[in-house]
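So you can see what is in the structure, the chains are spelled out below.
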Amino acid sequence: MEKMSAKEKREARFQTWLSAQGVKFQSPEAEATYKAAITRFKDAVLMEKTPDRVPVFPLGTFMQGHLYGVNTYESMYDYPKLLSAHKRFLQDYKPDYYGSPAFIGSGKILEILDMKQYRWPGHGVSERSGYQCEEGEYMTPEDYDALIDDPSDFWLRSWMPRVFGALAPLKEIFPFPNLWEIVGVSGQMIPFGIPPVQNALKALIEAGNEAMAWIQQIMGFEMEARGMGFPTAIGGAAKAPYDILADTLRGTRGMMMDLYRRPEKILKAVERITPLQIKQGLGMATFAGNPVVFIPLHKGADGFMSDEQFKKFYWPSLKALILGLADEGCVPFLFCEGGYNTRLQYLTELPKGSCFWIFDRTDMTKAKELLGGTLCIGGNVPAGMILTGTAEEVKGYCQNLIDVAGKGGGYIMAFGTAMDEGKPDTIHAMIDFTKEYGVYK
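What counts, and where the lines are drawn
- Residues numbered from 1 in each chain as written.
- Predicted model: local features only at pLDDT ≥ 70, side-chain atom pairs only at ≥ 80, totals over all residues.
- Heavy atoms only, no water.
- Pairing = 2+ DSSP bridges.
- Helix = DSSP H or I, 4+ residues; strand = E, 2+ residues; numbered from the N terminus.
- Contact = heavy atoms within 4.5 Å.
- Axes fitted to C-alpha atoms, helices over the stretch in contact; angles between N-to-C directions.
- 1 Å grid on protein atoms, 1.4 Å probe; cavity = no way out; pocket = protein on both sides within 12 Å on 5 of 7 lines; lining within 4 Å.
- Points joined across faces, edges and corners; volume = space filled by probe spheres on them.
- Nonpolar A, V, L, I, M, F, W, Y, C, P; charged D, E, K, R; others polar.
- Buried < 20%, exposed > 50% of the residue type's maximum accessible area, 1.4 Å probe, protein only.

Engineer: Help me understand the sheet that holds strand S7 (residues 331-336), please; the structure alone is not making it clear to me.
Structural biologist: Backbone hydrogen bonds are what pair the strands of a sheet, in a parallel or an antiparallel way. Spatially, S1-S10-S9-S8-S7-S6-S5 is the arrangement adopted by the 7 strands of the open sheet, whose pairing is parallel. One side of each edge strand has no neighbouring strand; the edge strands of this open sheet are strand S1 (56-57) and strand S5 (236-237). Bridging between strand S8 (residues 356-359) and strand S9 (residues 376-379) involves 4 bridges; their strand directions are parallel. Within S9, the residue paired with Ile-358 across the bridge is Gly-378. Across the face of the sheet, helix H2 (residues 28-46) comes into contact with strand S6 (292-297), S7, S8, S9 and strand S10 (411-414) while running at roughly 120° to S10.

Engineer: I'm lost on empty space enclosed by the protein in this one. Help?
Structural biologist: To find leftover empty space, one rolls a probe the size of a water molecule over the atoms. On inspection of all chains with the given rule, the structure shows 1 cavity of 30 Å³ or more. Each pocket or cavity is described by its volume, and for the largest cavity that value is around 50 Å³. In terms of lining residues, the largest cavity is bounded by Tyr-242, Ala-246, Gly-251, Thr-252, Met-255, Met-256, Lys-299, Phe-304 and Met-305. Listing elements by their share of the lining of the largest cavity, those giving two or more residues are helix H11 (241-249) and helix H12 (251-261). Within the lining of the largest cavity, the residues separate by chemical class into 6 nonpolar, 2 polar and 1 charged.

Engineer: Would you explain the sheet that holds strand S2 (residues 118-121) in this entry?
Structural biologist: If you trace the 3 strands from one edge of the open sheet to the other, you get S3-S2-S4, paired in mixed fashion. Single-partner strands in this sheet number two, and they are strand S3 (124-125) and strand S4 (132-133). Here 2 bridges tie S2 to S4, and the two strands are oriented antiparallel to one another. In the strand pairing of S4, Arg-119 is matched with Gln-132.

Engineer: Please explain the pairing of S10 as it appears in this structure.
Structural biologist: Remember that side chains alternate between the two faces of the sheet whenever the strand is regular. A two-sided burial pattern is seen for S10, the buried positions comprising Tyr-411 and Met-413 on one face and Ile-412 and Ala-414 on the other. Relative to S10, S1 is paired through 2 bridges, and the arrangement is parallel. In the sheet register, Val-56 faces S10, and the bridge partner there is Met-413. Where S9 lies against S10, 2 bridges are found, and the strand directions are parallel. Following the sheet pairing, Ile-377 is matched in S10 by Tyr-411.

Engineer: How do you make sense of the layout of surface pockets when you look at a structure like this?
Structural biologist: The calculated volume of the largest pocket comes to roughly 2200 Å³. Taken together, 50 residues make up the lining of the largest pocket; nearest its centre are Phe-103, Tyr-118, Tyr-131, Lys-239 and Pro-296. A breakdown of the residues in the lining of the largest pocket according to their chemical character gives 28 nonpolar, 16 polar and 6 charged. Quantified by volume, the second largest pocket comes out at close to 660 Å³. Looking at the second largest pocket, it is lined by 25 residues, and the ones nearest its centre are Met-219, Arg-226, Gly-235, Phe-287 and Ala-288. Looking at the lining of the second largest pocket, the elements that each hand over two or more residues are helix H1 (6-19), helix H10 (195-227) and helix H13 (263-288). When residues in the lining of the second largest pocket are grouped by element, the largest group, 7 residues, is from H10. Considering only residue class, the lining of the second largest pocket consists of 15 nonpolar, 8 polar and 2 charged.

What follows is the structure in C-alpha cells.
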C-alpha cells in the first residue's frame, strides 16, 4: 500500500472488510445483510453519500451476558457461557454490528499473572461487578527519562514487574540493548538462571497457553457471528497518548501534579508514545481485515483539565494519532466517555470523513452544528434511560437524536457508554425503532 493515497488505502481496507475472507455465510440473506451493514457504516462515516438508514451499534461489555443470566465472573472465566450469550444477543436483537467479546478478556489470565492494577469479578469486587481500576503511580516521576529513552525496556523491566505480581522478578534481567556481541551473550543470560526469574517465565508460558485456549473460542464465535450476517465495528484498538500516561502509568493524581511540575516531560513522553499507538492500531486493523480502530477517551473530557491544558497536552498527540491512522487508510473510532462539550471546536480541525465520534454526555445539537457534513457523530443514548426508563421514553429520545443528529446522514445510533447491564424492552426499543424510523428517503 506504500504508493497508494490515504483514500485509496482506505478503500482497499473497506474492500477487504467487505470480502469477508474465510467466512462461511449461513445463507445468501446473511451475506447480503453483512455487506449492507458495512456499506451503511461506510456511507455514514465517510459522508460521501447518505446511507439507506441510521446504523445502530449497541456496544456492551458485560451487557450481553447480563441479559441472559451470565454474571460478570462467568463472562471472564466461562468462555462458552459468554459466547453463547453473545450469539443469542445477535439472534434476538439483530443489531447492525457486534462488539467483540474479546474486549472483556480472560479472568484466568489475569489471575495467573496476579495483576495489581485492576480488580475484577471475584478478585477484589463481587462476582457480579465489573472490573475496577486500582489507581496508583505505576510509573514514578523519575521514570520519565527511561520511558522516553526506551519504552519497551521500561515496560518490560519496570512497569510489568510493578503491575503483575507474578512478573516482579523481571526487574532483575539486564537491558536487551546490552546484547551486542558474542562476548556479551553468556553474561546476559545470568538472570534467566535465577529461580524467581524462571518462575516469572513459567507464569508467562502458562498465561500464553490459556490465551491460546481463550482466543480459539473467541475466533470461533467471531467467524460464526459474521456467517450469521453481523460484522464487528471494531478491527483494532489504540489509546490517546496522554491517557496512557494518565491512566496506565502515572495515575490521575500523579498526572495532575505533573501538569504543573513536569510539563516538558509530559510533552516528550506523549510525543514518544504517539507513533507506537499508530503502529499498534494499524497492525491490529490490518490483521483483522477491518479498518476501524477503537480509541477510548478518558482524561481529556470536560472537567479533567482546563481548555489551555487540553490544547497543549492532550489534543496535539490525539490529533496526530487520528491523522496517522487515517493516512494509512484506517478509520479511528473515538469513544468519548463523559462530556466533550468544551472540546468540540477542536474536532473541526480534522478532515472530512477521517474518523467518527461516539459521544456520551455531549450536546448533540451543538455537535451537529459544528461537525455536520464533516465528521460522523453518534451515541448519546443515556445508560440510565436504558436501565430505568420505558420503551416509549427510549423511542422518543432516539427520535430526537435521529431528527437532530441524524439529519442528512452522518449519525450512528449507540449508547453513550459501553453497557455492563441491559434491559430487554428498552434495548429492543432503541434498535427496532432506529431501523424503522431512521430510514433516509
